[in-house]
Amino acid sequence: MSAWLVGLDVDGTILLQDETMSPGVPEAVERVRDAGHVVTIATGRSWMATRRYVEELGMTAEYVVCSNGAVTMRRVGDEWERWNVETFDPRPVLALLQDRLPDARYMVELASGQRLYTEQLDDWTLDGGRRVTFDELGAEPVSRVVVVSPGHDEEDFHRLVADAGLNEVSYAIGWTAWLDIAPQGVDKGTALEQVRTELGLAGEHVFVAGDGRNDIGMFGWASSLGGRAVAMGQAPDVVKNAATEVTADVVDGGLALALNTLPAPAQVHAGE
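Fair warning: this is a prediction, and the values are worked out from it, not measured in the lab.

(A) View of the overall build of the protein. Of the regular secondary structure elements, the protein holds 8 helices and 14 strands. The C-alpha radius of gyration computed for the protein amounts to 19 Å, which stays within 12% of the reference 19 Å derived for 272 residues, consistent with globular compactness. Considering only C-alpha atoms, the protein reaches an extent of 70 × 40 × 35 Å along its principal axes. In the protein, which comprises 272 residues, the proportion classed as buried is 51%. By sequence separation, contacts in the protein at least 24 residues apart represent 57% of the contacts at least 6 residues apart. As presented, the protein carries roughly 12,100 Å² of accessible surface, and 47% of it is formed by carbon and sulfur atoms. When the 21 basic and 43 acidic side-chain charges of the protein are each reduced to a single mean position, those positions are 2 Å apart.

(B) A look at the pairing of strand S2 (residues 38–41). Where strand S1 (residues 5–8) lies against S2, 4 bridges are found, and the strand directions are parallel. Bridge assignment links Leu5 to a residue of S2, and that residue is Val38. In this fold, the crossover linking S1 to S2 by way of helix H1 (residues 25–34) has right-handed handedness.

(C) Representation of helix H6 (residues 216–224). Taken as a whole, H6 has its buried residues at Met218, Phe219, Trp221 and Ala222. Down the axis of H6, the buried side of the element spans an arc of 160°, and every buried residue falls inside it. Buried residues belonging to H6 abut S1, helix H5 (188–199), strand S12 (206–210), strand S13 (228–231) and helix H7 (237–242). Backbone geometry just after H6 places Gly226 at a positive phi near 85°.

(D) Quick look at the sheet that holds strand S4 (residues 71–76). Here 3 strands make up an open sheet; going across it, the order is S3-S4-S5 and the pairing antiparallel. Looking along the sheet, the strands with just one partner apiece sit at the ends: strand S3 (63–66) and strand S5 (79–85). Put simply, the sheet's adjacent strands are angled 30° from each other on average, direction ignored. Each of S3, S4 and S5 touches H5; the most contacted strand, S3, lies at about 170° to it.

(E) Broad picture of the packing of helix H3 (residues 91–100) against helix H4 (residues 154–164). Viewed as axis vectors pointing N to C, H3 and H4 meet at an angle of 125°, and their least axial separation amounts to 11 Å. The orientation of H3 with respect to H4, classified from their angle, is oblique. Considering the relative orientation of H3 and H4, their crossing is right-handed. From H3, Leu96, Leu97 and Arg100 reach across to H4, where they touch Leu160, Asp163 and Ala164.

(F) Seen up close, the side chain of Asp215. You can see Asp215 is positioned in the loop between S12 and H6. What Asp215 contacts, discounting residues up to four positions off in sequence, is Asp9, Lys188 and Gly210.

(G) Here's a closer look at the packing of aromatic side chains. All told, the structure shown has 3 aromatic pairs when counted by the stated rule. Seen in terms of ring centroids, Trp47 and Trp80 are 4.8 Å apart; in terms of plane orientation they differ by 50°. Their pairing is tilted. Taken together, the positions of Trp47 in the loop between S2 and helix H2 (51–56) and Trp80 in strand S5 put the pair 33 residues apart, joining distant regions of the chain. Here Trp47 and Trp80 have matching classes, each one buried. With a centroid separation of 5.1 Å and an interplanar angle of 80°, the aromatic rings of Tyr106 and Phe134 are classed as edge-to-face. Here Tyr106 is found in strand S6 (residues 105–110), whereas its partner Phe134 is found in the loop between strand S8 (130–131) and strand S9 (142–148), with 28 residues between them in sequence. Of the two residues examined, Tyr106 and Phe134, each falls in the buried class.

(H) Seen up close, the confidence of the model for the protein. Residues of the protein with pLDDT of at least 70 account for 94%, and the chain-wide mean is 90. Within the model, pLDDT remains below 50 along residues 267–272, and this stretch shows 0 contacts once partners closer than five positions in the same chain are excluded.

(I) Here's a closer look at the nonpolar core. In this structure, Val6, Leu8, Ile14, Phe207 and Leu259 are the most contacted members of the largest nonpolar core, which totals 33 residues. Among the secondary structure elements, those contributing two or more residues to this core are S1, H1, S2, H2, S3, S4, S12 and helix H8 (254–259). Membership of the second largest hydrophobic core comes to 26 residues, among which are Phe88, Val108, Leu116 and Ile181.

(J) Molecular detail of the pattern of salt bridges. Counted under the stated rule, the structure contains 19 salt bridges. The closest approach of N and O atoms between Arg51 and Glu55, which form a salt bridge, is 2.8 Å. In this pair, Arg51 and Glu55 are both assigned in helix H2, 4 residues apart and thus about one turn of the helix distant. For Arg51, a relative accessible area of 26% puts it in the partly exposed group. Residues Arg100 and Asp99 are paired through a salt bridge, measuring 3.7 Å at the closest nitrogen-oxygen approach. With relative accessibility at 34%, the residue Arg100 sits in the partly exposed group. Among the residues examined, Asp99 registers a relative accessible area of 60% and is labelled exposed. Each of Arg82, Glu109, Arg115, Arg144 and Asp180 takes part in one network of salt bridges that share partners.

Thresholds, definitions, all that
- Residues numbered from 1 in each chain as written.
- Predicted model: local features only at pLDDT ≥ 70, side-chain atom pairs only at ≥ 80, totals over all residues.
- Heavy atoms only, no water.
- Helix = DSSP H or I, 4+ residues; strand = E, 2+ residues; numbered from the N terminus.
- Rg over C-alpha atoms; globule rule 2.2 N^0.38 Å.
- Buried < 20%, exposed > 50% of the residue type's maximum accessible area, 1.4 Å probe, protein only.
- Contact = heavy atoms within 4.5 Å.
- Areas by Shrake-Rupley, 256 points an atom, 1.4 Å probe, with all protein chains shown as cover.
- Lys, Arg positive; Asp, Glu negative; His and termini not counted.
- Charge placed at Lys NZ, Arg CZ, Asp CG, Glu CD.
- Pairing = 2+ DSSP bridges.
- Right-handed = clockwise from strand over helix to strand, strands pointing away.
- Arc of directions from axis to C-beta.
- Axes fitted to C-alpha atoms, helices over the stretch in contact; angles between N-to-C directions.
- Parallel < 35°, antiparallel > 145°, perpendicular 65-115°, else oblique.
- Left-handed = near helix turned anticlockwise from the far one by under 90°.
- Phe/Tyr/Trp six-rings, centres within 6.5 Å; stacked < 30°, edge-to-face > 60°.
- pLDDT = per-residue confidence, 0-100.
- Core = buried A, V, L, I, M, F, W, Y, C linked by side-chain atoms within 4.5 Å.
- Salt bridge = Lys/Arg side-chain N within 4 Å of Asp/Glu carboxyl O.

Okay, here's the thing in structure tokens:
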């Protein structure tokens, strides 16, 4: 049996909205891990907000993909290092956004992982971060730009992206209406491809699962290799259409159901 590379989104896939585990996920992850597969996380969260779930789920994978593919962590003994970090000059994007969303709240993530922000952002991990002026946000290259504008919904952000011509960067729109901007051509799929190549795993043995627009690139990558791209049942239609299959909602244990279709551990017979 060849090992599969299994890349799992966190919010809405592993976790329910209250940040408890989706039914059956810990047991399913353990089973797939013990079968010899490489089970890891591919999330929009920062490493700071991801590590606890790697540990809680007992994942032993060497690599973890964070920040929508801009940051890949590698395990070194009992510690972790920033194995690959993609960055870009945020100043042109910030100028476009400030012109159109002058009252929004902004955050950038530096290559080091530190976060700079203009105002407090609810639901974002800012431990160790630093509040700065808007002009200071672009002082050095960043791995992501996050824009939160409570007065705007998802459709507003779609129009903004089109009007601003944000074609020099990759972007995803979060389910609570924020805009998350990454380096050009970078997404969860590009990072997982680096991991797959590094580990020497077969392309047709990749399995990814997610529920958001930031998973569409990952789905396209998996399906292009002949692998499996699983959309959660509550995902928007545009996400489901990018997947190769759809499972049940996160509240109904959709991820566990999908994981349990992967090859089971080899059975050891008595006397062997």
